[in-house]
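Take a look at the letters that make up each chain.
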Amino acid sequence: MVTGKLMKLGQRLGCVLALSVLALVLWSVPGTKALDNGLAMTPTMGWLHWERFMCNVDCTEEPDSCISEQLFMQMADLMVSDGWKDAGYQYLCIDDCWMAPTRDSKGRLQADPERFPGGIHHLANYVHSKGLKLGIYADVGQKTCAGYPGSFGYYDIDAKTFADWEVDLLKFDGCFCDSVKHLADGYKHMSLALNRTGRSIVYSCEWPLYLWPFHKPNYTEIRQYCNHWRNFGDIFDSWQSVKGILDWSSSNQDTIVDVAGPGGWNDPDMLVIGNFGLSWDQQVTQMALWAIMAAPLLMSNDLRHISPQAKALLQDKDVIAINQDILGKQGYLLRKEDKFEVWERPLSNLAWAVAIRSLREIGGPHSHTISVATLGRAAACNPACLITQLLPVKKELGLFEWTSALKMQINPTGTVLVRIKK
Ligand SMILES: *[C@@H]1O[C@H](CO)[C@@H](O)[C@H](O)[C@H]1NC(C)=O
Ligand SMILES: *[C@@H]1O[C@H](CO)[C@@H](O)[C@H](O)[C@H]1NC(C)=O
């Protein structure tokens, strides 16, 4: 879908390309200001329907997996009864395909009347009664990616409608926008319109994703308007897709890591743990690296059918604590050596998280040794540190002196995540 989106955008925006070369300047963004709505002080956690349920609108053939209020009510019930809410997953989010094909007589968006007979306000009330929050989806352009009414020309009306419905998060997509200027103006306009409603609404953008084909996004500016922002194409339920996102993130880390912090985060897209495409080790890798990257944790899976193992991984308190660490600094790839990547993330109280990821896709478990002196800007283990392995299983590894080595066995495509304390 994203390839399609980008091509569409590419054809339309060809004319602006020449001008935007001027914007290809390097900048540094230490401690830049975040969108001032008091939200997303740690990365957003919740559930988002897209990857698992996509645009299934056929409630006759597939009543249990079509995009309907029943699906969201069932997920809300399970988020509470099965420990997801207690683990921190609070936002239940609707993606594309919830709308009726046209606006109402007053120009307002409306939910599909057959699939959402109670309407979105009713669903929000239900979700709030469970102690959860409701997210909704709209698009900055003429149409949503799946062809439903876009918000172009209706930003104020739509922001007010979402606030009237007591929605708590807006995912704002970037399909069918006819110029880079309209894209930027639209994302900013909606941010201000949401603010003017007076309601606290997390603002999830895809602005940089749609800008990259034309010029390097100005993340300082994006951070002033959005609580999180997608940089790269949609995730799929495959190892290839997760790997692609990790490779993109490490290749662009000089641009994206420093801009993340309380109130504004890079969004590498949904967690696909608990679905069909990833092996156990690959699910561990996604969970570990999304924690290192301070990524929003938006699961897209079927909470009615999920293995105990995937559930335990997604609800792992220690890993979630790393993701939600209050220092709010995104981790980065420290080095790549001998078919392993070493990632690290600074945590509060001078602690560090370190992930060692195997790039091998053949053979069995392989051992890798790292000198602890190299971790945490050479400070994490000076003069000594306690290391706890968190993934794939929790295990105290003990006390390490500055000169010692840490040796691990890592499965192909898998990751070992550890926490280091002075
Ligand atoms: C709107 O923005 C102002 C400052 O720019 C901020 O103080 C206020 O809390 C914001 N309101 C909401 C509802 O986000
Ligand atoms: C990026 O945006 C910020 C804030 O709007 C602005 O101060 C800065 O000049 C912009 N940087 C570039 C390279 O355009």
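Everything below is about the structure printed above this text.
Since this is a predicted model, take the numbers as computed values, not measurements.

Cut-offs and rules
Throughout this description, residue numbers start from 1 for each chain and increase along the sequence as written. Labels are handed out in written order, letters beginning with A for the chains and numbers beginning with 1 for the ligands. Note on the predicted model: pLDDT of at least 70 is required for a residue's local features to be given, and 80 or more for side-chain atom pairs to be given and counted; whole-chain, interface and lining totals, by contrast, use all residues. With hydrogens and water excluded, all non-hydrogen atoms of the structure serve as input to the side-chain values. Labels follow the DSSP assignment, with helices taken as runs of H or I lasting at least four residues and strands as runs of E lasting at least two, numbered in each case from the N terminus. A radius of gyration in this sense is built from C-alpha atoms; the matching globule rule multiplies 2.2 Å by the number of residues raised to 0.38. Burial classes: relative accessible area under 20% of the type maximum marks a residue as buried, over 50% as exposed, and values in between as partly exposed (1.4 Å probe, protein chains only). When at least one non-hydrogen atom of a residue lies within 4 Å of a molecule or strand, that residue is treated as near it. By the criterion applied in these results, polar contacts are pairs of N or O atoms within 3.5 Å in which, for protein atoms, one can donate a hydrogen and the other can accept it, and in which residues neighboring in sequence qualify only through two side-chain atoms. Here, Shrake-Rupley sampling with a 1.4 Å probe gives the accessible areas, and only protein chains in the shown set may cover a residue. Charged means Asp, Glu, Lys or Arg here, nonpolar means Ala, Val, Leu, Ile, Met, Phe, Trp, Tyr, Cys or Pro, and polar covers whatever is left, Gly included. Any two strands are treated as partners once DSSP identifies two or more bridges connecting them. Axis lines are fitted to C-alpha atoms, over the contacting stretch for helices. Their N-to-C directions set the angle, which ranges from 0 to 180 degrees. Two residues qualify as a contact provided that any one of their heavy atoms is within 4.5 Å of a heavy atom in the partner residue. One speaks of a salt bridge when a side-chain nitrogen belonging to Lys or Arg is within 4 Å of a carboxyl oxygen belonging to Asp or Glu. Note on terminology: angles under 35 degrees are roughly parallel, angles over 145 are roughly antiparallel, angles of 65 to 115 are roughly perpendicular, and the others are oblique. Here is the rule for handedness: rotate from the far helix to the near one, and if that takes an anticlockwise turn smaller than a right angle the crossing is left-handed, while a clockwise turn gives right-handed.

**Q** Hey, could you run me through the overall build of the protein chain in this one?
**A** In terms of helices and strands, the protein chain carries 15 helices and 16 strands. Over its C-alpha trace the protein chain gives a radius of gyration of 22 Å, about what one expects of a compact globule, namely 22 Å for 422 residues. Overall, the protein chain is about 70 × 50 × 40 Å in size when its C-alpha atoms are taken along their principal axes. When the 422 residues of the protein chain are sorted by exposure, 58% land in the buried category.

**Q** Which parts of the structure should I look at to understand the site of ligand 1?
**A** Taken together, Asp 36, Asn 37, Asn 195, Gly 198 and Arg 199 make up all the residues around ligand 1. The contact in question runs from an oxygen atom of ligand 1 to an N or O atom on the side chain of Asp 36, over 3.5 Å. Note that an oxygen atom of ligand 1 is positioned 2.3 Å from one of the side-chain N or O atoms of Asn 195. Computed on the free molecule, ligand 1 has an accessible area of 360 Å², of which 52% lies beneath the protein chains in the complex. Looking at the shell around ligand 1 residue by residue, the class counts come to no nonpolar, three polar and two charged.

**Q** Can you help me understand the sheet that holds strand β2 (residues 91-93) in this one?
**A** Sheet strands line up and pair through hydrogen bonds in the backbone, either parallel or antiparallel. Pairing in this open sheet of eight strands is parallel, and the strands run β7-β6-β5-β4-β3-β2-β1-β8 from one edge to the other. On the outer flanks of this sheet lie β7 (265-267) and β8 (297-299), each paired with one strand and no other. In this sheet, neighbouring strand axes are inclined to one another by 25 degrees on average, regardless of whether the strands run parallel or antiparallel. Judged from the four bridges that link them, strand β4 (residues 169-173) and strand β5 (residues 202-205) form a sheet pairing that is parallel. The partner of Leu 170 across the bridge, within β5, is Tyr 203. Along the sheet, helix α6 (residues 119-129) contacts β2 and β3 (133-139); its crossing angle with β3, the most-contacted strand, is approximately 145 degrees.

**Q** How should the pattern of salt bridges be read in this particular structure?
**A** Where side chains of opposite charge bring their charged atoms close, a pairing between them can arise. Inspection of the entire model under this criterion finds 20 salt bridges. Between Lys 130 and Asp 77 there is a salt bridge whose closest N-O contact spans 3.2 Å. Of this pair, Lys 130 sits in the loop between α6 and β3 while Asp 77 sits in helix α4 (residues 69-81), and the two are 53 residues apart along the sequence. As a salt-bridge pair, Glu 341 and Lys 336 come within 3.7 Å of each other at their nearest N and O atoms. The exposure class of Lys 336 is exposed, given its relative accessible area of 53%.

**Q** Help me understand the packing of helix α7 (residues 155-164) against helix α8 (residues 180-197) in this model?
**A** The description of two packed helices rests on the angle between their axes and on the distance between the axes. Where α7 meets α8, the axes come as close as 9 Å, and the angle between the chain directions of the two elements is 40 degrees. With respect to α8, the element α7 is oriented oblique. Judged by the sense of rotation from one axis to the other, the crossing of α7 with α8 is right-handed. Listed contacts from α8 to Tyr 155, Asp 156, Asp 158, Ala 159, Lys 160 and Ala 163 of α7 are His 182, Gly 186, His 189, Met 190, Ala 193, Leu 194, Arg 196 and Thr 197. In the contact of α7 with α8, the residues fall into six nonpolar, four polar and four charged.

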